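Working through the structure, step by step
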Amino acid sequence: MSQVRTVSESVPHIYHYINGQKVERDTGRSLEVHNPASGEVTASVALADAATTREAIQAAKDALPAWQAVTPLNRARVMFRYKALIEKHFEEIAQLITREHGKVIEDARGELTRGLEIVEFACGAPHLLKGEHSLNVGGSVDSHSMMQPVGVCAGITPFNFPAMVPMWMFPVALVCGNTFVLKPSEKDPSVPMYLAELMKEAGAPDGVLNVVNGDKESVDTLLTDPDVSAISFVGSTPIAEYIYSTGCAHGKRVQALGGAKNHMAIMPDADLDGAVEALLGAAYGSAGERCMAISVAVAVGDEVADKLVEKLKPRVENLKIGDGLAEKGLEMGPLVTREHMDKVRSYMDLGEQEGATAVVDGRKREFQGKNGYFLGGTLFDHVKPDMRIYKEEIFGPVLCVVRVPDYESAVKLINEHEFGNGTAIFTRDGDAARQFTTDIQVGMVGVNVPIPVPMAFHSFGGWKRSLFGPLHMHGPDGIRFYTKMKTVTARWPKGVRSGSAFTMPTME
Ligand code: NAD
């Protein structure tokens, strides 16, 4: 986490959004927010202490009874208005994403569109919350299962999708009748604050959606406070593991999504040009700062590998990189912070030391006149599974090519990696593709699709150390996560039995 610094008075200060209003709480701790394309400080963000976080939890707790009593249809109507408001302010929000994250504007628009799709999914709440009903489970006996809210829910989100990842969580939680405290990333806090303000405008009562900005101190308060019932987390694996174990130890239901190292297998029969185009976007889009980015190309056979590298090289050397707000037609922006850029650069150094072949060395790319956190795209060939650049998540514009002799070795390689978020196979062979989708130990799989992010009405989540907890985000799993099921078995007067029964109840 970045160091706490004193911030100039000349930039806006971002505090918290609690109980339907912006609240200023000065704890003496704040961080700078930067425009990664220029390196300029654009704002400061306050870091909440336990008391401020507690204030947000209390606001959510107080708002709960009235919000639970709102019918699902009327909660959905809030979401319909929210959708319209986001559409109205779409461009403004997209620009804010680019200004604090650095991704190019088209990519920011894509992020917001994917977030908006979750709001659209949440608009279906009355249907999604219908529960289950069985008539005549026994003589004159009916059963129904209802889905009730879990209570105050909290979301802790990463820097790389400041709009979409919070929107994976709170629209679904809210329509299920829960109230919410969001603790967004301290690196790009403006968009989550804006999203909360719009929710009030859409008609959500005060306290239904709150935002506390902060770091470990506020996260630990959310994890341990008895009034928080459920925690959704998205971020790196060590923190996901910590969130999962601490939240569970405090009796909460937890879904904690972690890091990734996503492989794309390129079979000898694949459309190679198509695979190259797909790889470029999937590896270098958003400067590789996507949990579904492809960071490993698994070339099946040396012939495929040689051709792939030959075709990728000039494209990676000439990636259009720049300030996403100032320039048009860009393919990639800067890294989010100087610290992150330095970390990614250190992996580029490491790859060289470990003996990988640097086909394109992003460290050498010059960005004259630019003070932002820019790095060129890097392409490593002859990467081996025991190298750290293969094993660890770099989260930057670095693509590793691993050469394997056959399909079986590709599957074995992918299955033995500690992460299992996303993967893809590029092939024209239906048998191989079908077998791959069955054999592979990864949560989201693409067939000739490089970034297989499920739509809002399916659920998003990885396997292995990319997800702690059984339930994925949004879609059917999102509804299950944010509701408790209760099953009622009822017999009406005609069939009420007399006398006590001491045996296990059956419907006979
Ligand atoms: P991060 O783990 O550093 O931070 C995520 C959140 O946790 C932030 O809100 C941060 O304030 C908080 N946090 C950080 N350190 C903490 C600590 N010690 N105790 C308590 N809370 C702490 O992640 P990041 O750098 O913001 O985001 C990048 C990571 O997120 C990558 O690993 C990426 O793969 C992952 N990610 C995963 C998915 C997914 O769906 N699996 C999606 C997006 C991002």
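First things first, this report covers the structure right here in the doc. (Residues numbered from 1 in each chain as written. Predicted model: local features only at pLDDT ≥ 70, side-chain atom pairs only at ≥ 80, totals over all residues. Heavy atoms only, no water.)

The secondary structure content of the protein amounts to 16 helices and 23 strands. Along the three orthogonal principal directions, the C-alpha set of the protein runs to about 80 × 60 × 40 Å. Considering the protein as a whole, with its 508 residues, one finds that 57% of them fall into the buried category. For the protein, the proportion of contacts with a sequence separation of at least 24, taken over those separated by at least 6, is 73%. Entry remark: accessible area of the protein is about 20,800 Å², with carbon and sulfur atoms responsible for 52%. Both charge centroids of the protein, one from 52 positive and one from 63 negative side chains, sit 5 Å from each other. (Helix = DSSP H or I, 4+ residues; strand = E, 2+ residues; numbered from the N terminus. Buried < 20%, exposed > 50% of the residue type's maximum accessible area, 1.4 Å probe, protein only. Contact = heavy atoms within 4.5 Å. Areas by Shrake-Rupley, 256 points an atom, 1.4 Å probe, with all protein chains shown as cover. Lys, Arg positive; Asp, Glu negative; His and termini not counted. Charge placed at Lys NZ, Arg CZ, Asp CG, Glu CD.)

Bringing the site of the ligand into the picture now. Close to the ligand lie 27 residues; Lys183, Glu186, Ser236, Gly258 and Glu393 are nearest. Between an oxygen atom of the ligand and a main-chain N or O atom of Phe159, the distance comes to 3.1 Å. Isolated, the ligand exposes 850 Å² of accessible area, and the fraction of that covered by the protein chains is 90%. Judged by the proximity of its atoms to the pocket grid, the ligand belongs to the largest pocket. For the shell around the ligand, the secondary-structure elements that each account for two or more residues are helix 8 (216–224) and strand 11 (228–234). Classifying every residue of the shell around the ligand by side-chain character gives 15 nonpolar, eight polar and four charged. (Near = heavy atom within 4 Å. Polar contact = N/O pair within 3.5 Å; in protein donor to acceptor, adjacent residues only side chain to side chain. 1 Å grid on protein atoms, 1.4 Å probe; cavity = no way out; pocket = protein on both sides within 12 Å on 5 of 7 lines; lining within 4 Å. Sits in = over half its atoms within 2 Å of the grid points. Nonpolar A, V, L, I, M, F, W, Y, C, P; charged D, E, K, R; others polar.)

In this section: the pattern of salt bridges. Enumeration according to the criterion identifies 33 salt bridges in this entry. Glu352 is the salt-bridge partner of Arg363, the closest N and O atoms lying 3.1 Å from each other. Taken together, the positions of Arg363 in the loop between strand 15 (357–360) and strand 16 (378–381) and Glu352 in helix 12 (residues 338–354) put the pair 11 residues apart, joining distant regions of the chain. Lys412 is paired through a salt bridge with Glu416; the nearest N and O atoms lie 3.1 Å apart. Remark: Glu416 and Lys412 occur in helix 14 (residues 407–416); sequence separation between them is four residues, near one turn of the helix. In the salt-bridge network here, residues are joined through shared partners; they are Asp349, Glu352, Asp361, Arg363 and Lys364. (Salt bridge = Lys/Arg side-chain N within 4 Å of Asp/Glu carboxyl O.)

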